[in-house]
Amino acid sequence: MAKIHPTAVVEDGAQIADSAEIGPLCWVSAKAKIGEKVRLLGRVTIMGDTTIGEETVVFPGAVLGAGPQDHGNEFLEGAKLVIGKRNVIRENVTMHCGTPKGQNPIAGEEAEKMITRVGDDGMFMINSHIAHDCVVGNNVIMTNNAVIAGHVRLGDGVILGGNSAVHQFCRIGRKTMVGGMTGVDRDVIPFGIVTGDRGKLRGLNVIGLKRSGMDEHTVKSITRAFMFVFKGKEGTFEERLEKAKEKFADNEMVMEQINFIGESLAGRRKVMTAE
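The rules we used
- Every chain is numbered on its own, with residues counted from 1 as its sequence reads.
- Per-residue local features of the predicted model are confined to residues with pLDDT of at least 70, and side-chain atom pairs are confined, for both listing and counting, to 80 or more; whole-chain, interface and lining totals are unaffected and use all residues.
- Side-chain measures here rest on the full set of heavy atoms in the structure, leaving out hydrogens and waters.
- In the sections that follow, a salt bridge refers to a side-chain nitrogen of Lys or Arg positioned within 4 Å of a carboxyl oxygen of Asp or Glu.
- Classification of residues uses two cut-offs on accessible area relative to the type maximum, computed with a 1.4 Å probe and protein chains only: under 20% is buried, over 50% is exposed, and between them is partly exposed.
- We call a set of buried Ala, Val, Leu, Ile, Met, Phe, Trp, Tyr and Cys residues a nonpolar core when their side-chain atoms join them within 4.5 Å.
- A contact between two residues is defined here by any heavy atoms of the two lying within 4.5 Å.
- Note on conventions: DSSP H or I runs of at least 4 residues are helices, E runs of at least 2 residues are strands, and numbering of each starts at the N terminus.
- Helix span, as expected, comes to 1.5 Å for every residue beyond the first.
- In this description, one arc is meant: the one made by directions from the helix axis to the C-beta atoms.
- Strands are treated as partners if at least two bridges between them are detected by DSSP.
- Here a polar contact is recorded for every N or O atom pair within 3.5 Å, except that within protein the pair must consist of a potential hydrogen donor and a potential acceptor, and residues adjacent in sequence are included only if both atoms are side-chain atoms.
- Stacked, tilted and edge-to-face are the three classes assigned to paired rings of Phe, Tyr and Trp, where Trp is represented by its six-membered ring and a pair needs centres within 6.5 Å; plane angles under 30 degrees give stacked, over 60 edge-to-face, the rest tilted.
- Lysine NZ or arginine CZ positioned within 6 Å of the ring centre and within 35 degrees of the ring normal marks a charge as sitting over the ring.
- Here an axis means a line fitted to C-alpha atoms, over the contact stretch when the element is a helix, while the angle between two N-to-C directions is reported on a 0 to 180 degree scale.
- Orientation labels follow simple angle bins: below 35 degrees gives roughly parallel, above 145 gives roughly antiparallel, 65 to 115 gives roughly perpendicular, and whatever is left gives oblique.
- By the convention adopted, Pro, Cys, Tyr, Trp, Phe, Met, Ile, Leu, Val and Ala count as nonpolar, Lys, Arg, Asp and Glu as charged, and the other residues, Gly among them, as polar.

> Pulling in residues and values, what's your account of the pattern of salt bridges?
Opposite charge on two side chains permits them to pair, given that their charged atoms come into close proximity. As enumerated under the stated definition, the model contains 13 salt bridges in all. The partner of Glu112 in a salt bridge is Arg117, with the nearest N and O atoms 2.6 Å apart. Residue classification places Glu112 among the partly exposed residues on the basis of a relative accessible area of 31%. Ionic pairing is found between Glu216 and Lys210, a salt bridge with its closest N-O pair at 3.7 Å. Residues joined in a network through salt bridges with shared partners are Arg171, Asp187 and Glu263.

Here's what the structure looks like:
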């Protein structure tokens, strides 16, 4: 039997796992689905059709599953927020459900509509915000006051520094680090580092790659490819990109970057180039 504090309000129809804990002054909507060993510590608001995966901990003041800040779509039937497993969601975090406009599609994928998705093992620090129709990967860290606008996609292992902000429809590739107080208004390649009040691509997240177990040879190969495409003097950026497809065809991580750039060139926000 779930442990539910007597001051909590759990509406009829809510699906609460037997091992979940609902703390004082929480409110859980009728359509909510709360997984095994989830802990809502107190004063947590779960609205609409929101799913929270097992072992996720939610701190006081968080509001999850509210209607989007998208005029005319604030109160839609069928809108959802799906949060994965083992996340830590700190004080006053907000995550909104989706809209009929749908997610920002990538090549070969049909984007879902009416749903916002958050992966597993993330940490969302105080006052961070995930807007409507976003797709957030696994092991993502959003530091205090970091915010992402509608239709943003964050790859696995992305770190957003404090007070950073990501423009709507942007994509940030896997294991990218965005510095504090940085505004991101274009797509950012996997493994990049972005800093500055108006974000600029400064290079690669070499330290992050090494910490995640990448060997020295792989890191150097990615660095060479980055210098060739972004810093090279021969031809245009697009021409160097085409040459890189042949030059680094046997390096999966470089090809991940190249494919990402190709998708961005065909997309809405374009790719952030290096200084």
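So much for the structure itself; the text now carries on.
> An account of the nonpolar core is requested, with residue identities and associated values reported.
Within the largest apolar cluster, 68 residues are counted, with the highest numbers of intra-cluster contacts made by Leu40, Met95, Phe124, Ile148, Leu154 and Leu160. Not counting the four nearest positions on each side in its chain, Met95 is found in contact with Val63, Leu64, Gly65, Ala66, Leu81, Ile83, Ile89, Val118, Phe124 and Ile130.

> How would you sum up helix 2 (residues 216-231)? Please name residues and give values.
With 16 residues, helix 2 should reach 22 Å at 1.5 Å per residue; the first-to-last C-alpha distance of 21 Å fits that figure. Among the residues of helix 2, those classed as buried are Thr218, Val219, Ser221, Ile222, Ala225, Phe226, Val229 and Phe230. Within helix 2, the buried residues cover an arc of 160° as seen down the axis, which keeps them to one side. Its buried side turned inward, helix 2 meets strand 28 (200-204), helix 1 (206-211), helix 3 (237-247) and helix 4 (252-265).

> Break down the pairing of strand 9 (residues 49-52) for me, citing the residues and quoting the values.
Strand direction decides the pairing type here: strand 6 (residues 33-34) and strand 9, joined by two bridges, are parallel. If you follow Lys33 over to strand 9, its bridge partner there is Thr51. Note that strand 9 and strand 12 (residues 80-83) share four bridges and pair parallel. Note that in strand 12 the partner of Thr50 across the bridge is Leu81.

> An account of the side chain of Asp185 is requested, with residue identities and associated values reported.
Note that Asp185 resides in the loop between strand 26 (183-184) and strand 27 (192-195). A distance of 3.4 Å separates a polar atom in the side chain of Asp185 from a polar atom in the side chain of Arg186. For Asp185, the residues in contact, after removing those within four places along its chain, are His167, Cys170, Arg198 and Arg269.

> A description of the packing of aromatic side chains should follow, citing residues and the corresponding values.
Using the criterion set out here, one finds three aromatic pairs in the structure. Ring geometry for Phe228 versus Phe248: centroids 6.2 Å apart, planes at 65°, classification edge-to-face. Separated by 20 residues along the polypeptide, Phe228 in helix 2 and Phe248 in the loop between helix 3 and helix 4 bring together distant segments of the chain. A relative accessible area of 9% means that Phe248 is categorised as buried. An aromatic cluster is defined as three or more aromatic residues linked by ring pairs; in this entry it consists of Phe226, Phe230 and Phe237. Sitting above the plane of the Phe260 ring, Arg171 keeps its charged end 4.0 Å from the centroid. Its end group placed over the ring of Phe228, Lys247 keeps NZ or CZ at 5.6 Å from the ring centre.

> Please provide a residue-by-residue account of the packing of helix 2 against helix 3, values included.
A pair of packed helices can be characterised by two numbers: the angle between their axes and the separation between those axes. Where helix 2 contacts helix 3, the two axes come as close as 8 Å, and the packing angle between them is 155°. The angle between the axes of helix 2 and helix 3 places the two elements in the roughly antiparallel class. Across from Phe228, Val229 and Phe230 in helix 2, the residues of helix 3 making contact are Phe237, Arg240, Leu241, Lys243, Ala244 and Lys247. For the contact of helix 2 with helix 3, the residue count by class is six nonpolar, no polar and three charged.

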